[in-house]
Each structure stands twice: as C-alpha cells, then as structure tokens.
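Survey of secondary and tertiary structure
As a plain string of letters, each chain reads:
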Amino acid sequence: MFRALKKLKLESFNNLTKTLSFNIYDICYAPSEQAQKEYLAYIDEAYNAERLTAILSEVASIIGANVLNIAHQDYDPQGASVTMLISELPIQEEPLNPEAPGPLPDAAHNRQHRSVQTNLVLEPERAVKESVVAHLDKSHITVHTYPESHPDNGIATFRADIDVSTCGKISPLRALNYLIHSFESDIVIIDYRVRGFTRDVKGTKHYIDHKINSVQNFVDKNTLTRYQAMDVNVYQENIFHTKMMLKDSKLDNYLFGVKEADLSPQENKIVTQHLMHEMAEIFYGTNMVRMN
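Residues numbered from 1 in each chain as written. Predicted model: local features only at pLDDT ≥ 70, side-chain atom pairs only at ≥ 80, totals over all residues. Heavy atoms only, no water.

**Considering the nonpolar core**
Residues Phe22, Leu176, Leu179, Ile187 and Ile190 are the most contacted members of the largest nonpolar core, which totals 65 residues. Top element by residues in this core is strand S1 (residues 17-29). It accounts for 7 residues. For Ile187, the contacting residues outside a window of four places in its chain are Asn23, Ile24, Tyr25, Ile27, Met244, Met245, Met279, Ile282 and Phe283. (Core = buried A, V, L, I, M, F, W, Y, C linked by side-chain atoms within 4.5 Å. Buried < 20%, exposed > 50% of the residue type's maximum accessible area, 1.4 Å probe, protein only. Helix = DSSP H or I, 4+ residues; strand = E, 2+ residues; numbered from the N terminus. Contact = heavy atoms within 4.5 Å.)

As structure tokens, then:
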C-alpha cells in the first residue's frame, strides 16, 4: 500500500522543470531499394498529421493541459507538420502512488503492422520531412524522427526523438506509458531529469516534488516483460536513464517487402545476425565486432 505524500505549501508557483526525453528506434530488413521506399511510404501514412495530432492531443490531456489551437499540414510527396498551443489545467485527481504507470492507449489505436517509427521532425534546417511541436503556457512537446538505411545489408533504422517538458505540478512521466505504446519500437532509450527548485512557505528549497526510484516503475508491467531493461541513474542530481530492448526476435516482425518463408535457411541466418547486431550496437551505444 502506498501512502499519499504530504502536500507542500509553496511560497509561489511550482517552477521545477521536469523533462522526459526518449529515443525510439525501429529496425527492419528491407532488401531492395523499392522495399525501402515502400517502408518510408508506409511510415508516412501511419504517422500523418491527423494521427500525430490525435497522439499529441492525448498527451496534452494526460499531463493536464488544455489544447487552445491546432495547425497541421501534410506535405507532398511525404511529411506532415502539427503545432499545438495549449495551456495548463488544474489537476483533477492526483495518483495515490506517484511512481505508478500512466494510462495506456486503447486497443483501437494499436497498429496492425509491426512497430514502425514516426517520420516527424522539428528542426527546419534538417533534411527531414515531418514536424510536431506543442507549445504550452509553461511547457512544450516536441517529436523528431530520422530515417536511415544501410546501402549494403538492407537494414533500415528509424529513430524518433520525443521530448515532453513541464514546469508545473504534473510530471511528464504520466505520458510515458501512452507514448511507448503509441510509438512502439524495438529499442527505447529514456532520460528523465528535474531541474531548478521551488520554495515552500518556510523558504526551504525543494529540488524534486515527487517520488521516483526508476523510470521503469512508470512503465506497465506487461510492457516491461517484453523488453530487456537497464538503468543508469544519478539520484543526487535527479537524473534517471533507462534503456529498453525488445526480447522478441521473430524474424517476420522485422521484415518489410519480404517474408521469412521467402528466405533460404542461410539467408534467414544472415538477416537475423544483421538485425540482432544492429539492435545490440544501438542498445549499448557502441560499434561491435560482427561475428559471421
């Protein structure tokens, strides 16, 4: 049983900045140039402006924000932009356990195809096609994605960078569960940090206002069982880092433009080795010697 934390009486508003940043990677095997083009087209359709708007609108609701204005645009031949202006709402009900997972998306939002990452990028100077920015009165939400493929072995990697930053009472970790499922992937690398301080009525500074031992505690247990996870935390600095890599290695889940039944036993072995090698390098953040 969890005991509710004693409420702090603040001297003014809560000006702690809480930032949730995570990279989501999707790895696939697309053996031909045409297959890679089709994969890009699939991603562009799966993450068009309408769907991205729906995802960010739900995030805004989870973190306690009111959407004031939405502008979105799909581009030809591919890409989309979404911009939201939102303001903070009062928290209607605080969770009894502050280190509990946030809500999950309902089944209707889950994709039928395997997890493929978004193509949504913010920075105008970069050669990427899609943008999503949500401006809060004292918070923001951004999503960036970057497609990449290997010219020789058919491996294609798509990375999505998602940031949710709040300056109020609610923690963006409340949206983590929903986002992981909305952008389900092979590898998730999560950083959560709290900066600044707020004062109580006695003048004492508080550098964090909620309980946290691990980012993993904010992820649904059923989801965690599907991933290999590890933490690197710096508690005294309020920095929390978690890596997650999908355990399921069923080859058909990683193929695009080809099926496992179409591969010879030797091709099956080689493709599987390439995929697992790519995932291990990304998860551990280092280049590794390839074992043939």
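That shown, we press on.
**Comments concerning the pattern of salt bridges**
Using the criterion set out here, one finds 2 salt bridges in the structure. Here Asp209 makes a salt bridge to Lys18, at a shortest N to O gap of 3.0 Å. Taken as a pair, Asp209 in the loop between strand S9 (205-206) and helix H4 (221-224) and Lys18 in strand S1 lie far apart in primary sequence, 191 residues in all. A salt bridge links Glu33 to Lys37; the shortest N-O distance between them is 3.7 Å. Linking Glu33 with Lys37, this pair stays in helix H1 (residues 33-46), spanning 4 residues, or about one helical turn. (Salt bridge = Lys/Arg side-chain N within 4 Å of Asp/Glu carboxyl O.)

**Considerations on unusual backbone geometry**
Its identity is not glycine, yet Asn238 carries a phi of approximately 55°, on the positive side. One can find Asn238 in the loop between strand S10 (227-234) and strand S11 (239-246). Overall, the relative accessible area of 12% leaves Asn238 in the buried class.

**Things to note about the pairing of S11**
Counting buried residues in S11 gives 7 out of 8 residues, a clear majority hidden from the surface. Where strand S7 (residues 187-195) and S11 come together, 7 bridges link them in antiparallel fashion. Within S11, the position partnered with Ile187 by the bridge is Met245. Looking at chain direction, S10 and S11 are connected through 8 bridges and run antiparallel. Residue pairing for S11: Asp231 is matched across the bridge by Thr242. (Pairing = 2+ DSSP bridges.)

**Examining helix H5 (residues 265-284)**
A rise of 1.5 Å per residue sets the reference length of H5, with its 20 residues, at 28 Å; its end C-alpha atoms lie 29 Å apart and thus fit the reference within 8%. Among the residues of H5, those classed as buried are Val271, His274, Leu275, His277, Glu278, Met279, Ala280, Glu281, Ile282 and Phe283. Once H5 finishes, Gly285 follows within two positions and takes phi at roughly 65°, a positive value. (Expected span 1.5 Å × (residues − 1).)

**Some thoughts on the packing of aromatic side chains**
Each aromatic ring pair is characterised by the separation of its centres together with the angle its planes make. Summed over all chains, the structure comprises 5 aromatic pairs. On the basis of an interplanar angle of 35° and a centroid distance of 6.3 Å, the ring pair of Tyr192 and Phe240 is categorised as tilted. Residue Tyr192 is found in strand S7, and its partner Phe240 is found in strand S11; the two are separated by 48 residues along the sequence. Ring centres of Tyr235 and Phe240 lie 5.8 Å apart, and the angle between their planes is 75°; on these two criteria the pair is classed as edge-to-face. Residue class for Tyr235 comes out partly exposed when judged on its relative accessible area of 45%. Classification of Phe240 as buried rests on a relative accessible area of 2%. Ring pairs connect the aromatic residues Tyr192, Tyr235 and Phe240, which therefore count as one cluster. The cationic tip of Lys243 hangs over the ring face of Phe283; the distance from NZ or CZ to the ring centre is 5.9 Å. (Phe/Tyr/Trp six-rings, centres within 6.5 Å; stacked < 30°, edge-to-face > 60°. Lys NZ or Arg CZ within 6 Å of the ring centre and 35° of its normal.)

**Topic: the pairing of S1**
Here S1 lies mainly inside the structure; 11 of its 13 residues are buried. Of the strand pairs in this sheet, S1 and strand S6 (residues 155-166) are connected by 12 bridges, and their pairing is antiparallel. Bridging from a neighbouring strand, Ile27 pairs with Thr157 of S6.

Worth remembering: the numbers are spatial, not functional.
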